[in-house]
Amino acid sequence: MLALLRKPRWSPYVVGTGIGVLSWATFYFMSKALGTSTTMVNCAAGIEGLVAQGHVEANAYFAKAVVSTADKARPLIEWQFALVAMLAVGAFIAAKLSGSAIRESVPSLWAWRFGPSKLKRYTFAFIGGIVLLFGARLADGCTSGHAISGGLQLAISSWTFTIAMFASGIATAFLMYGKAGRQHV
Amino acid sequence: MFNPIFADPKTLIMGAITGLIFGFLLQKGGVTRFNVILGQFLLKDHTVAKTMGTAIVVGAIGIYAMVAMGMISVMHIKPALLVANAVGGLIFGVGMVVLGYCPGTGVAAIGEGSRHAIPGVIGMIVGAALYAEAYPWIAKNILNLADYGKATLATATGLSPWWFIAGLAIAASAGYYALERWERGHKAT
C-alpha cells in the first residue's frame, strides 16, 4: 500500500476510475457533483466585498452565488470552496510521498517557444486564467463540473462544452506551438 | 451579505476530504503538469483523455446504477444553453492552453510546486469578477439563446441512458485499446 502511495505516477485508468468512484461518493453522501470554477466567483465576491460591499450585493451574478435569501443560505465558504482549497494540499501530499514535487516557473515547452522570461510566462498565465474562468462561467462549468460531472450524467450542456473545449484547445495549441512543439512535451 | 460566511462544519469537512482525494489523484495522474496538458492538446500525450474518459464511464455506470436502485434522487445537470455552453467552451479551450491548466488542475499544480500556476489562479479570480460585471448583458443577450433546459442525451432522445453508457464504455475501451497498441508500436520504432 505504501509502495503504491510512493509511486510517482499512476496509470490514467486507475486515476480515472478513482475520480469516477469519488463522484459516486459525492453524489451519494453529499448530494453534490465535483466542480471547481464556481469557487473563483466566491473568491472574487469575497475580495470585492471587502472594499465595495454594495457593488457585490447589487450584482445579479454575485447575488446568485453568495447573497443569502430567506429560503436559501448561500455561505461564502461552502462545500466546493473547501474542496478547491484542499486540491492543492492533496497534490502537495501526493508529490511529497513520491518525491515528485517540482519547482516550475517556466515550463520547458513554453521556454522553447517563448523564451525563459518568468515575467512573460507569469503575465500570460494570468491572462490565460482570466480567459479560462470567463469561458467557464459563460459555459456554466469547467473540466470538472462540466466535462467529468456533467459528462457522466450525459448532460447535453456538458458534452457541448467538452467538444468545444477540445476543438478550440487543439487549434490554439497548434497555433501557439506548431507541430514542432510535440517534440518538447 | 456573507451571512453566513461558513457552511456548516460537516459540509466543509466533506468538501475538504473530497478535495484532498481529488488533488491527490490529479497529481498521481500527472495532469497537474503543464507539459502533460499541452501534450494532450498537441495530440502527443493522451493522459488527459484517458483519465477523463475513464472517470466519465466509471462515474456514469455508478451514478445511473444508484439512480436505478433509488439510492440517488437528485441529479446535478446543468441547463443546456447551447450557445453559452459552446462559446464558453471555445473561450475556455483558449484559456486552458495559454495557462496550461484548467481551474482544478491549476490549483492542484500549486501544491505540486508549479509557480506559474499562482498568477494563473489569480487571473481566474479576476476572470470570475469580470464575468460578474458582464453578466447582466450576457444574461439578456446570450443565456436566452438555444435554451433546452436540463436535458440529457437520454431525456432528449427518449432512450434509456444505458444505451449511451454502453456506447461510451465500448467506444472508450476500444479507443484506449487501439491507442495503447499504437503508443507501444510508436515507442518501439
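The structure we're discussing is the one just above.
Rules of the game
- Residues numbered from 1 in each chain as written.
- Chains lettered and ligands numbered in written order.
- Predicted model: local features only at pLDDT ≥ 70, side-chain atom pairs only at ≥ 80, totals over all residues.
- Heavy atoms only, no water.
- Contact = heavy atoms within 4.5 Å.
- Buried area = accessible area lost by both parts, 1.4 Å probe.
- Salt bridge = Lys/Arg side-chain N within 4 Å of Asp/Glu carboxyl O.
- Polar contact = N/O pair within 3.5 Å; in protein donor to acceptor, adjacent residues only side chain to side chain.
- Helix = DSSP H or I, 4+ residues; strand = E, 2+ residues; numbered from the N terminus.
- Nonpolar A, V, L, I, M, F, W, Y, C, P; charged D, E, K, R; others polar.
- Buried < 20%, exposed > 50% of the residue type's maximum accessible area, 1.4 Å probe, protein only.
- Axes fitted to C-alpha atoms, helices over the stretch in contact; angles between N-to-C directions.
- Parallel < 35°, antiparallel > 145°, perpendicular 65-115°, else oblique.
- Left-handed = near helix turned anticlockwise from the far one by under 90°.

Draft legend 1. Quick look at the interface of chain B and chain A. Contact with chain B, which involves 119 residues of that partner, is made by 136 residues of chain A. Between chain B and chain A the total buried area reaches about 11,100 Å² when both faces are included, carbon and sulfur atoms providing 75% of it. Where chain B meets chain A, there are zero salt bridges. Along the contact surface separating chain B from chain A lie 37 residue pairs in polar contact (both at pLDDT 80 or more). Counting only elements with at least two residues in the side of chain B that touches chain A, the list comes to helix H1 (9-29), helix H2 (34-41), helix H3 (47-68), helix H4 (82-99), helix H5 (103-112), helix H6 (117-141), helix H7 (153-157) and helix H8 (161-188) of chain B. Looking at the side of chain B that touches chain A, the element that brings in the most residues is H6 of chain B, giving 18 residues. When grouped by side-chain class, the residues that make up the side of chain B that touches chain A number 77 nonpolar, 33 polar and nine charged.

Draft legend 2. Structural view of the side chain of Thr-105 of chain B. All names here are of chain B. Mapped onto the secondary structure, Thr-105 falls in helix H5. Given the relative accessible area of 6%, Thr-105 is considered buried. When residues no more than four places from it in sequence are discounted, the contact partners of Thr-105 are Leu-26, Val-31, Thr-32 and Ile-37.

Draft legend 3. Quick look at the pattern of salt bridges. The full count for this structure, using the stated rule, is four salt bridges over all chains. Of the charged contacts in the structure, one is a salt bridge between Arg-137 of chain A and Asp-140 of chain A, with a shortest N-O distance of 3.6 Å. Its relative accessible area of 5% is what places Arg-137 of chain A among the buried residues. Of the charged contacts in the structure, one is a salt bridge between Arg-33 of chain B and Glu-112 of chain B, with a shortest N-O distance of 2.8 Å. A residue pair is termed long-range when its members are at least 10 positions apart, and Arg-33 of chain B in the loop between H1 and H2 and Glu-112 of chain B in helix H5 qualify at 79 residues. Note on Glu-112 of chain B: relative accessible area 1%, which makes it buried.

Draft legend 4. Spatial organisation of the side chain of Thr-18 of chain B. In this fold, Thr-18 of chain B is placed in helix H1. Residue classification places Thr-18 of chain B among the buried positions, given a relative accessible area of 1%. In this view, Thr-18 of chain B contacts Leu-22, Thr-26, Met-30, Leu-34, Trp-79 and Leu-83 of chain A; residues no more than four positions away in its chain are not counted.

Draft legend 5. Looking closely at the packing of helix H8 (residues 118-139) of chain A against H6 of chain B. Viewed as axis vectors pointing N to C, H8 of chain A and H6 of chain B meet at an angle of 40°, and their least axial separation amounts to 6 Å. Comparing their axes, H6 of chain B and H8 of chain A come out oblique. In this structure, the crossing between H8 of chain A and H6 of chain B has a hand that is right-handed. Within the contact between the two elements, H8 of chain A uses Tyr-122, Ala-125, Phe-126, Gly-129, Ile-130, Leu-132, Leu-133, Phe-134, Arg-137 and Leu-138 of chain A and H6 of chain B uses Pro-119, Gly-120, Ile-122, Gly-123, Met-124, Val-126, Gly-127, Ala-128, Leu-130, Tyr-131, Ala-134 and Ile-138 of chain B. Its residues assigned to classes, the contact of H8 of chain A with H6 of chain B comprises 17 nonpolar, four polar and one charged.

From the geometry alone we can't say anything about function, so treat these as descriptive.
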